[in-house]
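# Understanding the architecture of this molecule
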There are 2 protein chains.
Amino acid sequence: MYKRLRALRQASNSLKANIGLHTNVATQFARVNPTVSQISKYSTAKSVPYTADTYASKVSRDPKYKQIENKDLEYFSSVIPEQSIIFNNENDLLFYNEDWMRKYKGQSKLVLKPKTTEQVSQILKYCNDNNLAVVPQGGNTGLVGGSIPIFDEIIISLSSMNSIRSFDPVSGILKCDAGVILENADQYLRDEGYIFPLDLGAKGSCQIGGNVACNAGGLRLLRYGSLHGSVLGLEVVLPDGQIYNSMHSLRKDNTGYDLKQLFIGSEGTLGIITGVSILCPSRPQASNVAFLAVKDYETVQKVFVESRKELSEILSAFEFMDLKSQQLTAKHLGLEHPIESGEYPFYILIETSGSNKDHDDEKLETFLGNAMENGLVEDGIIAQDESQIQSLWSWRESIPEASTMNGGVYKYDVSIPLKDLYGLVEDVNTKLAEANIVDFEDGSKPVVSAIGYGHIGDGNLHLNVCVREYSPEIEKVLEPFVYEWISSKNGSISAEHGLGFQKKNYIGYSKNDQEIQMMKQIKNHYDPNGIMNPYKYI
Amino acid sequence: MYKRLRALRQASNSLKANIGLHTNVATQFARVNPTVSQISKYSTAKSVPYTADTYASKVSRDPKYKQIENKDLEYFSSVIPEQSIIFNNENDLLFYNEDWMRKYKGQSKLVLKPKTTEQVSQILKYCNDNNLAVVPQGGNTGLVGGSIPIFDEIIISLSSMNSIRSFDPVSGILKCDAGVILENADQYLRDEGYIFPLDLGAKGSCQIGGNVACNAGGLRLLRYGSLHGSVLGLEVVLPDGQIYNSMHSLRKDNTGYDLKQLFIGSEGTLGIITGVSILCPSRPQASNVAFLAVKDYETVQKVFVESRKELSEILSAFEFMDLKSQQLTAKHLGLEHPIESGEYPFYILIETSGSNKDHDDEKLETFLGNAMENGLVEDGIIAQDESQIQSLWSWRESIPEASTMNGGVYKYDVSIPLKDLYGLVEDVNTKLAEANIVDFEDGSKPVVSAIGYGHIGDGNLHLNVCVREYSPEIEKVLEPFVYEWISSKNGSISAEHGLGFQKKNYIGYSKNDQEIQMMKQIKNHYDPNGIMNPYKYI
C-alpha cells in the first residue's frame with residue numbers, strides 16, 4: 001500500500017483521513033502504455049479527413065514534385081526487397097498515413113522500409129535526382145503532424161533499421177540504428193546498469209532516430225539534460241544521398257563545428273538520421289515517487305522551488321497536473337484517483353533517483369514533512385514499491401490518451417516563464433466559455449475543456465484542448481490567440497513537440513526575422529530541391 | 001588539518017604513517033590562481049619569436065587582406081572612443097599579441113575594444129566590406145593559438161563588454177556580455193545560490209564569450225554537462241555586421257534549427273559572440289574533496305568505475321595526475337606534497353557536491369573505506385574545510401603553470417578511450433628518450449618530460465610536454481606521432497582546447513573528409529570573405 005504523508009508527521013492535523021488504497025492500479029499499467037494501435041481505439045471520432053482537404057485554403061500540392069511512376073517503383077524494387085515496400089494498399093498504408101491523434105491524414109501511396117544506411121542513401125539520391133518528395137517516419141508518435149505526408153510524399157520508414165550497434169559498459173556510450181524503439185533501448189541498458197537519458201509516454205512506440213530528429217524532451221530532462229548535450233554522434237543521409245558519418249563516441253571533442261547539432265530537432269527536413277551515438281547515465285539504484293495535492297498554482301511553484309533546494313541532485317522529475325486532467329484520466333483508466341480524500345485544484349508528481357535508498361528516503365521525507373508543516377501540501381502519498389511507482393506515473397503518463405477519449409485534442413506544448421505558465425490554461429478556458437463552445441460534462445458542446453499539465457521543472461506546459469470533434473470554429477477561437485499569448489510572455493510556441501505541419505506558420509511568434517532567415521538559408525543549403533518533408537517546419 | 005583515510009578504517013594496516021600536515025597550503029592558493037600577467041612571469045624563456053617566422057614554411061600572409069590605412073583608423077575612431085583603440089604601441093599591444101604559454105606571437109598593430117554589440121556590428125561590417133582580417137579575443141587564455149593574430153589581423157577584444165545583463169533567481173538563467181570574466185560571473189551567482197556550470201583553471205582571466213566560442217569543458221563537465229546543453233541563447237555579430245539576436249531564456253524550445261550550436265566551439269571563425277544566455281544549476285550546499293595515491297594506471301580506472309557506482313549523483317569531479325606532474329607542481333608552488341608518506345605513480349582528486357553534508361560524508365567515507373579495504377588506494381586525505389578544498393584543488397589546477405616553468409610546454413588535449421588513455425604519455429616519453437632529447441633533472445636536454453593528467457571522467461587526457469625551449473626538433477618528434485597515435489585509437493586530437501592555429505592541419509586525424517567538407521561549406525556560408533580569424537581552425 002502507499003505510504004500516506006501523515007505517517008511522516010503524526011502531529012500534523014492538516015491531513016485528510018486515509019480512505020482505502022488502490023493497490024490494483026499497478027496491475028493496470030501495462031494496458032495504458034501507449035502504442036499506436038491501442039491509442040487509436042480510444043478515439044470515437046468519425047474517420048479522419050485528409051489534411052490536404054482540411055487545410056485546403058492554406059496548402060496546395062507543389063507541382064514541382066513528380067508523381068510516382070512505374071519506373072520509380074522498379075528502381076526502388078532494385079534497392080530493397082518487395083516485402084519492404086507497401087504500395088497502393090489502402091489498409092496497410094493507413095498506419096503510416098494517419099497520426100495517432102487522428103488529426104492529420106496523408107495520401108501517400110508508397111512506403112519504403114530500408115534495412116541499411118546504404119539503402120536509405122540510394123533511395124534519397126534517386127528521389128533527389130527525380131524531384132520526388134519524401135517524409136521520413138519513425139514511430140509516428142509525433143504531435144504536430146510532422147511525420148505524416150500532406151499529399152502523396154513517399155514515406156521512408158526507419159522501423160526496419162532497429163539494431164543496437166554497440167554498447168561500451170565503461171563509458172556508457174550506446175550506438176544504435178535510428179529505428180530502435182526507445183523502450184527497447186532502455187530495456188537493453190537496464191541489463192547493463194544504465195538508463196536511456198530520455199523518457200516519454202510514447203516510449204513503447206517512438207524510435208530513437210525520431211526522438212533525436214524532434215529533439216524530444218520528455219519526463220526526465222530536468223535530470224539528464226537535453227539531447228543537444230547527450231547525443232555524441234549521428235549518422236545522417238543527406239538529401240543528395242551522401243552519408244554524413246559522424247558516429248563519434250567521445251564525451252569531449254572540439255575538432256571543428258558541431259554540425260550534428262543541426263540535425264537534432266530538424267524534424268526530417270535536412271536529411272534522414274540513420275544512426276545515433278548517445279551517452280547514457282548509470283541507472284539510479286533507488287527511486288521514489290510522491291504524489292501530492294495542493295490548493296493553487298502559486299503553491300505548485302512554491303513546492304517546486306523548495307524541492308529543488310532540498311532534493312537538489314536527486315530530483316529527477318517534477319510534474320504538475322490540474323484537476324480536470326485527473327478527472328479525465330480517472331474516467332479513461334476506469335479507476336479511482338490515488339488521492340481519495342477529495343478533489344484538489346492541482347496535483348504534483350515528484351520523482352527522486354539516487355544511489356542510496358536510505359539517504360533518498362530521508363531527504364524526501366524531510367522535504368515532504370517541511371512542506372506539510374508549512375501548509376503547502378493538502379494531501380499526498382509515497383509509492384512503496386516499483387509497481388506503485390509505475391501506477392503513480394500512469395496518472396501522469398495517461399493524460400495524453402485521456403485527452404483524446406472524447407474525440408480529439410488540440411495540443412499546445414509551450415515554454416513560458418514559470419509564474420505565468422498556468423495563466424494560459426485559464427485564459428483559454430475563459431475564451432472558450434465566451435465563445436459558448438465548451439461543456440465538460442453533458443456533451444452538448446464541441447469542446448470538453450482546456451486542461452494543463454507538464455514539466456514545471458523545465459517551464460514546459462502542455463495545454464490540451466480536449467474536443468468532441470475537430471472543427472475550424474474551435475481552431476479560430478484558439479489560434480492565433482494561444483500563440484499571441486505565448487509571444488507576449490516571450491515564451492516558445494513549441495517547447496518539445498516541434499513545428500511539424502501544425503506550427504509551420506507560427507514560428508514568427510517565437511523567433512525573429514533574422515533567425516528565420518538564417519534557418520531558411522540552412523534548409524536551402526542542405527536541401528536545395530526541397531524534397532525533405534515539405535509543407536512543414538519553416 | 002586534513003583527515004587521513006586511516007581514520008575511516010582503523011583496522012587497515014595498509015596505510016602509511018601520517019607525518020606532519022600542510023595547513024599552510026591553503027593560504028598560498030590565491031597566489032597560484034592564474035591570471036595572464038601572473039603566469040607570464042613563471043616563464044624564463046627568451047623573448048617569443050613571431051609565429052609567422054616560426055612557421056614561415058607553413059603559412060604566409062594572404063594578400064587578399066588589406067593592410068590598415070589611415071582612413072580605416074579614422075572610421076574606427078568614429079565608432080569607438082580613442083581610449084578603446086590601441087594602435088602601434090608595441091608595449092600595450094604585447095598583451096594582445098602574445099599568448100600566455102609564450103608560444104605564439106602575432107604582429108597586430110591595432111586592438112579595438114568595443115563596448116556595445118552595435119559597435120561590434122559596425123566594426124565587423126566595415127572590416128568585411130574592406131577585406132580587413134580580424135581576430136576576436138576574450139581573455140587570451142587559449143592553448144592552441146586561436147586568440148592571437150598570425151600576421152597583422154585586427155584584434156577585437158571583448159574585454160570592455162563585461163556586464164551581467166540579467167539573472168532570474170527562479171529559473172537560474174543568467175544573461176551576460178561576452179566579456180564577463182568567468183570567476184566574476186561565478187562570484188555573482190554564488191550570492192544568488194547558483195553556480196556557473198563550467199569551471200577551469202584560467203577562470204580568473206578567461207571570458208564567458210571565449211569559453212562558449214571554444215566550447216570549454218573544464219573541471220566539472222562530468223557533473224554539469226557540456227555547453228551545448230547549458231547555453232540557452234547567444235547574441236552573435238556575423239561577419240557582415242548583421243546581429244543574430246537569439247538570446248533566449250527557455251530551457252526547452254523546439255522552434256526550428258538550433259543555429260546557436262554552430263557558434264559554440266566555432267573559435268571566432270563564423271562571427272563574434274557578444275552575449276550569452278546560460279542555465280545555471282543550484283550551488284551545492286556541501287562539497288568534499290579527497291586526494292588519493294594509487295599504484296598504477298589500471299587502479300586509477302578501477303577507482304573511477306567504483307566511484308561512479310557508489311558516489312553516482314554527487315560525484316562532481318574525478319581528476320588524475322601522474323607523479324611527475326606533482327613533482328613539478330611541488331617545485332612550482334614551493335611546497336611539500338599533501339600526501340607526505342612517499343611518492344606514488346598516480347594521484348586522484350575526487351570531488352563530491354550535494355545538498356546534504358551528512359549523506360555526502362557517509363557516501364564518500366563508505367566508498368573510500370571500501371577502496372582501501374580492496375587494496376585500491378595506497379594513501380589519501382580528505383579536506384576538512386573550504387580552505388583545504390582549495391589547497392587540494394591547487395595541486396591539480398597549478399599543473400598547467402608548473403608545466404611551463406622551465407621555459408615552455410607543448411600541450412595536447414585529447415580524448416581517448418579510457419583503457420588506452422595513459423599509454424599515450426608512456427609512448428611519448430619513450431619516443432623522446434629514443435631521440436635523446438629528454439632529461440627531467442639536470443637541464444642538459446631541451447625536454448624536461450612528458451606528463452599526463454586530466455579529466456578521467458570525460459576520457460580527457462592533458463598530455464603536456466614540458467620543455468626548456470620550443471624547437472622544431474622537438475616538434476618533429478611529437479608530430480604527427482601524437483596525432484597518429486590518437487587516430488589509431490579513434491580518439492579526438494582536441495577534447496576541449498579546440499583547433500586554433502596549432503591543430504588546423506591535423507583535423508583529418510579526428511574527422512573524415514565528408515565532415516571536413518561540410519564544415520568548410522558552413523565557414524564559406526557565413527564568412528565568404530574569410531575575414532574571421534584566418535589561418536586557423538579548418
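Reading guide: rules and limits
- The residue numbering used here restarts from 1 in each chain and proceeds along that chain's sequence as written.
- For naming, the first written chain is A and the first written ligand is 1, with later ones following in the order written.
- Only residues with pLDDT of 70 or above have their local features reported here, since the model is predicted, and side-chain atom pairs are shown and tallied only from 80 upward, although totals for entire chains, interfaces and linings are computed over all residues.
- To get the side-chain values, take all heavy atoms of the structure and skip hydrogens and water.
- Copies overlap after least-squares fitting; the atoms used are the C-alpha atoms of residues with pLDDT of at least 70 in both.
- The contact rule is simple, with two residues in contact once any of their heavy atoms fall within 4.5 Å.
- Like-charged residues are merged into a patch within 9 Å and nonpolar side chains (Val, Leu, Ile, Met, Phe, Trp, Tyr) within 5 Å, provided each residue has over 30% relative accessible area and no salt bridge.
- Computed with a 1.4 Å probe, the accessible areas rest on the Shrake-Rupley method; for each residue, only the protein chains presented here act as cover.
- Salt bridge, as applied in this entry: a Lys or Arg side-chain nitrogen positioned within 4 Å of an Asp or Glu carboxyl oxygen.
- The sign given to each residue is positive for Lys and Arg and negative for Asp and Glu; His and the chain ends receive no count.
- Charge positions are represented by NZ for Lys, CZ for Arg, CG for Asp and CD for Glu.
- Secondary structure is summarised from DSSP: a helix means a run of H or I of at least four residues, a strand means a run of E of at least two, and numbering begins at the N terminus for each.
- Only protein chains enter the accessibility calculation, which uses a 1.4 Å probe; a residue whose area is less than 20% of its type maximum is buried, one above 50% is exposed, and one in between is partly exposed.
- Two strands pair if DSSP finds at least two bridges between them.
- With axes taken as lines fitted to C-alpha atoms, and helix axes fitted only over the stretch in contact, angles between N-to-C directions fall between 0 and 180 degrees.
- Segmentation of the chain into domains, including their bounds, is taken from an automatic or database domain assignment.
- In this description, buried area is defined as the sum, over both parts, of the accessible area (probe of 1.4 Å) that is lost when the two are combined.
- N or O atoms closer than or at 3.5 Å make up a polar contact, with two conditions inside protein: a donor-capable atom paired with an acceptor-capable one, and, for residues adjacent in sequence, both atoms drawn from side chains.
- Asp, Glu, Lys and Arg are counted as charged, while Ala, Val, Leu, Ile, Met, Phe, Trp, Tyr, Cys and Pro are counted as nonpolar; the rest, among them Gly, fall into the polar class.
- It is the directions from the helix axis to the C-beta atoms that the arc portrays.

Attention now moves to the relation of the copies chain A and chain B. By a simple turn and slide, chain A fits onto chain B: the slide is 0.0 Å along the axis, the RMSD is 0.0 Å, and the turn is 180 degrees. The superposition operator between the copies reduces to a two-fold rotation axis. Residues of chain A ranked by C-alpha distance from the rotation axis are headed by G229(A), positioned 2.1 Å from it. Looking at the interface residues of chain A, 100% of them are also at the interface in chain B, so both copies use one shared face.

So, on to a negative patch on the surface. A cluster of acidic residues, D358(A), E362(A), D358(B) and E362(B), forms a negative patch on the protein surface. Of all the secondary-structure elements, those providing two or more residues to the negative patch are α14 (357–373) of chain A together with α14 (357–373) of chain B. Its location among the elements puts D358(B) in helix α14. In this structure D358(B) comes out as exposed when scored by relative accessible area, which is 59%.

Let us look at the sheet that holds strand β6 (residues 164–168) of chain B. Residue and element names in this part refer to chain B. Strand order in this open sheet of five strands is β6-β7-β10-β8-β9, and the pairing throughout is antiparallel. The two strands at the open ends of the sheet, each matched to only one other strand, are β6 and β9 (243–246). Each strand axis lies, on average, 10 degrees off the axis of its neighbour in the sheet, ignoring direction. Here four bridges tie β6 to strand β7 (residues 173–177), and the two strands are oriented antiparallel to one another. The residue of β7 that forms the bridge with S166 is K175.

Quick look at the sheet that holds strand β3 (residues 110–112) of chain B now. All names here are of chain B. The strand order β2-β3-β5-β4 describes an open sheet built from four strands, whose pairing is mixed. Each having just a single partner strand, β2 (85–87) and β4 (134–137) make up the two edges of the open sheet. On average, each strand axis in the sheet is inclined to that of its neighbour by 20 degrees, with strand direction left out of account. The sheet contact formed by β3 and strand β5 (residues 154–157) spans two bridges and is parallel. Looking across to β5, one finds that L112 is bridged to I156.

This next bit is on the domain arrangement of chain A. Interfaces are often sized by the accessible area lost when the parts come together. Residues and elements named next belong to chain A. For chain A, the domain assignment lists domain 1 (3–30 + 284–400), domain 2 (164–279) and domain 3 (403–497). Taking only C-alpha atoms, the centre of domain 1 and the centre of domain 2 are 31 Å apart. Each partner contributes to the interface: domain 1 provides 13 residues, whereas domain 2 provides nine residues. When domain 1 packs against domain 2, close to 860 Å² is buried across both sides, 51% of that on carbon and sulfur atoms. On the domain 1 side of the contact with domain 2, P284, S316 and E397 bury the most area, a combined 45% of that side's loss. Scanning the region where domain 1 abuts domain 2 turns up two salt bridges. With a shortest N-O distance of 2.8 Å, E351 and R220 are connected by a salt bridge. Our count for the contact surface shared by domain 1 and domain 2 stands at three residue pairs in polar contact (both at pLDDT 80 or more). Per-element tally for the side of domain 1 that touches domain 2: the top contributor is strand β12 (residues 315–322), with five residues. Tallied by class, residues from the side of domain 1 that touches domain 2 come to six nonpolar, two polar and five charged.

The next subject is the pattern of salt bridges. Applying the stated criterion across every chain yields a total of 48 salt bridges over all chains. A salt bridge links D177(A) to R165(A); the nearest nitrogen and oxygen atoms lie 2.7 Å apart. With a gap of twelve residues between them, D177(A) in strand β7 (residues 173–177) and R165(A) in strand β6 (residues 164–168) connect regions that are remote in the sequence. In this structure, D253(B) and K511(A) form a salt bridge, with 3.3 Å as the shortest nitrogen-oxygen distance.

This next bit is on the environment of L238(B). Among the secondary structure elements, L238(B) is positioned in the loop between β8 (231–237) and β9. Overall, L238(B) belongs to the buried group, its relative accessible area being 6%. Those residues within four positions of L238(B) in sequence are excluded, and the remaining contacts are Q514(A), M518(A), L124(B), Y244(B), F263(B), L270(B) and G271(B).

In this section: helix α5 (residues 90–97) of chain A. Three or more residues of α5(A) are buried, namely L93(A), Y96(A) and N97(A). Down the axis, α5(A) shows its buried residues gathered within 90 degrees of arc, on one side only.

Turning next to the interface of chain A and chain B. In this complex, chain A contributes 86 residues to the contact, which on the side of chain B involves 87 residues. Summed over both partners, the interface of chain A with chain B comes to about 6500 Å²; 52% of that surface belongs to carbon and sulfur atoms. When the area that chain A buries against chain B is broken down by residue, the three leading residues are K252(A), N254(A) and Y257(A), summing to 16%. At the surface where chain A touches chain B, the tally comes to eight salt bridges. Here E496(B) ties to K252(A) by a salt bridge, and the two come within 2.8 Å at their closest N and O atoms. For the pair chain A and chain B, the interface holds 57 residue pairs in polar contact (both at pLDDT 80 or more). Those elements giving two or more residues to the side of chain A that touches chain B turn out to be α9 (221–224), α10 (227–230), β9 (243–246), α11 (260–263), α12 (297–311), α14 and α20 (513–526) of chain A. Of the residues forming the side of chain A that touches chain B, the biggest block, ten residues, is contributed by α20(A). Of the residues in the side of chain A that touches chain B, the class split is 28 nonpolar, 40 polar and 18 charged.

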